[in-house]
Amino acid sequence: MAVAEREPPVRVEHHRHRRGAPALTVGVVVAVALVLCALGAAQGAWSVLLVALAPVAIGIGWLGRRRWWIEDHVIDDERVALVRRDGSGAEIPLARVVRVESGPGGVRFTRDDGALLDFGRTPHGRRILALMAEIRPEAERVERIDPVCDT
């Protein structure tokens, strides 16, 4: 008698954001440092070499901005999860999410026992709040606005 293999259930991802390292920012800072070093170089050959390396630093930062990532922010039909590059992370089952708070620093999910899960530095705060209104309407949704902001 043949035994049918069961495939694991397919999870439908509603949202995924890959949070990357600030490689472009590091590239620009290194380029500025190279130009400043070129201004202080005693020999002209070093000045030319350092100035020529500045666009290379920016180019490496530009290429690395999508390659080097830190963690994934995932919302699927069963959970809200933070998955790091090495496979570790944290998750909250979607049925236990009682509060979603979006603010300038990211999005914070609160579980029914008070545990927190933060999606730091995500630019998708309002989109996540709208998504949670669809898939988990009984959860409280709060949008924090920075009071110092002029807008």
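Everything below is about the structure shown above.
The model shown is predicted, which means the values in this text are computed figures rather than measured ones.

Draft legend 1. View of the overall build of the protein. Each helix and strand counted, the protein has three helices and eight strands in total. Listing each helix as α and each strand as β along the protein from the N terminus yields β-α-α-β-β-β-β-β-β-α-β. The C-alpha radius of gyration computed for the protein amounts to 22 Å, which surpasses the reference 15 Å derived for 151 residues by more than 25%, pointing to a less compact arrangement than a globule. Counting across all 151 residues of the protein, residues that qualify as buried make up 31%. Taking contacts inside the protein between residues at least 6 apart in sequence as the whole, the part at least 24 apart equals 54%. Charge-centre separation for the protein: the mean point of 21 positive side chains lies 5 Å from the mean point of 20 negative side chains.

Draft legend 2. Expanded view of the side chain of Glu101. Mapped onto the elements, Glu101 comes out in strand E5 (residues 97-103). Take Glu101: its relative accessible area is 14%, and that puts it in the buried class. At 3.4 Å, the side chain of Glu101 and the side chain of Arg99 are in polar contact. Apart from residues lying up to four places away in sequence, Glu101 is in contact with Gly106, Val107, Arg108, Val142 and Arg144.

Draft legend 3. Broad picture of the packing of helix H1 (residues 23-40) against helix H2 (residues 44-67). Taken N-terminus to C-terminus, the directions of H1 and H2 make an angle of 175°; their axes are 7 Å apart at the nearest point. Relative to H2, the element H1 is oriented roughly antiparallel. Seen from H1, the contacting residues are Ala23, Leu24, Gly27, Val28, Val30, Ala31, Leu34, Val35, Cys37 and Ala38; seen from H2, they are Ser47, Leu50, Val51, Leu53, Ala54, Ala57, Ile58, Gly61, Trp62, Gly64 and Arg65. Its residues assigned to classes, the contact of H1 with H2 comprises 16 nonpolar, four polar and one charged.

Draft legend 4. View of the nonpolar core. Counting residues in hydrophobic clusters, the biggest one holds 16 residues, and the most contacted among them are Ile75, Val80, Val97, Phe109, Phe119 and Met132. Of all the secondary-structure elements, those providing two or more residues to this core are strand E3 (79-84), E5, strand E6 (106-111), strand E7 (116-120) and helix H3 (125-135). Among the elements that take part in this core, H3 stands out by supplying four residues, more than any other. Residues in contact with Ile75, not counting those within four places in the same chain, are Glu13, His14, His15, Val80, Phe109, Phe119, Ile128, Leu131, Met132 and Ile135. Ala31, Ala38, Leu50 and Ala54 belong to the second-largest nonpolar core, a separate cluster that totals six residues.

Draft legend 5. How the structure looks around the environment of Asp113. Here Asp113 lies in the loop between E6 and E7. Along the sequence, Asp113 and Arg96 sit 17 residues apart, while their C-alpha atoms lie 8.5 Å from each other. Looking at Asp113, its side chain comes within polar contact range of the side chain of Arg111, at 2.8 Å.

Draft legend 6. Main features of the packing of aromatic side chains. Following the criterion strictly, the structure yields one aromatic pair and no others. For the pair Phe109 and Phe119, a centre-to-centre distance of 5.0 Å together with 70° between the ring planes defines the contact as edge-to-face. You can see Phe109 sitting in strand E6 and its partner Phe119 sitting in strand E7, a full 10 residues away along the chain. Judged by its relative accessible area of 0%, Phe119 falls in the buried class. Between the NZ or CZ atom of Arg18 and the centre of the ring of Trp69, over which it lies, the distance is 3.9 Å.

Rules behind the numbers
- Residues numbered from 1 in each chain as written.
- Predicted model: local features only at pLDDT ≥ 70, side-chain atom pairs only at ≥ 80, totals over all residues.
- Heavy atoms only, no water.
- Helix = DSSP H or I, 4+ residues; strand = E, 2+ residues; numbered from the N terminus.
- Rg over C-alpha atoms; globule rule 2.2 N^0.38 Å.
- Buried < 20%, exposed > 50% of the residue type's maximum accessible area, 1.4 Å probe, protein only.
- Contact = heavy atoms within 4.5 Å.
- Lys, Arg positive; Asp, Glu negative; His and termini not counted.
- Charge placed at Lys NZ, Arg CZ, Asp CG, Glu CD.
- Polar contact = N/O pair within 3.5 Å; in protein donor to acceptor, adjacent residues only side chain to side chain.
- Axes fitted to C-alpha atoms, helices over the stretch in contact; angles between N-to-C directions.
- Parallel < 35°, antiparallel > 145°, perpendicular 65-115°, else oblique.
- Nonpolar A, V, L, I, M, F, W, Y, C, P; charged D, E, K, R; others polar.
- Core = buried A, V, L, I, M, F, W, Y, C linked by side-chain atoms within 4.5 Å.
- Phe/Tyr/Trp six-rings, centres within 6.5 Å; stacked < 30°, edge-to-face > 60°.
- Lys NZ or Arg CZ within 6 Å of the ring centre and 35° of its normal.

Spatial relationships are all this shows, so hold off on functional conclusions.
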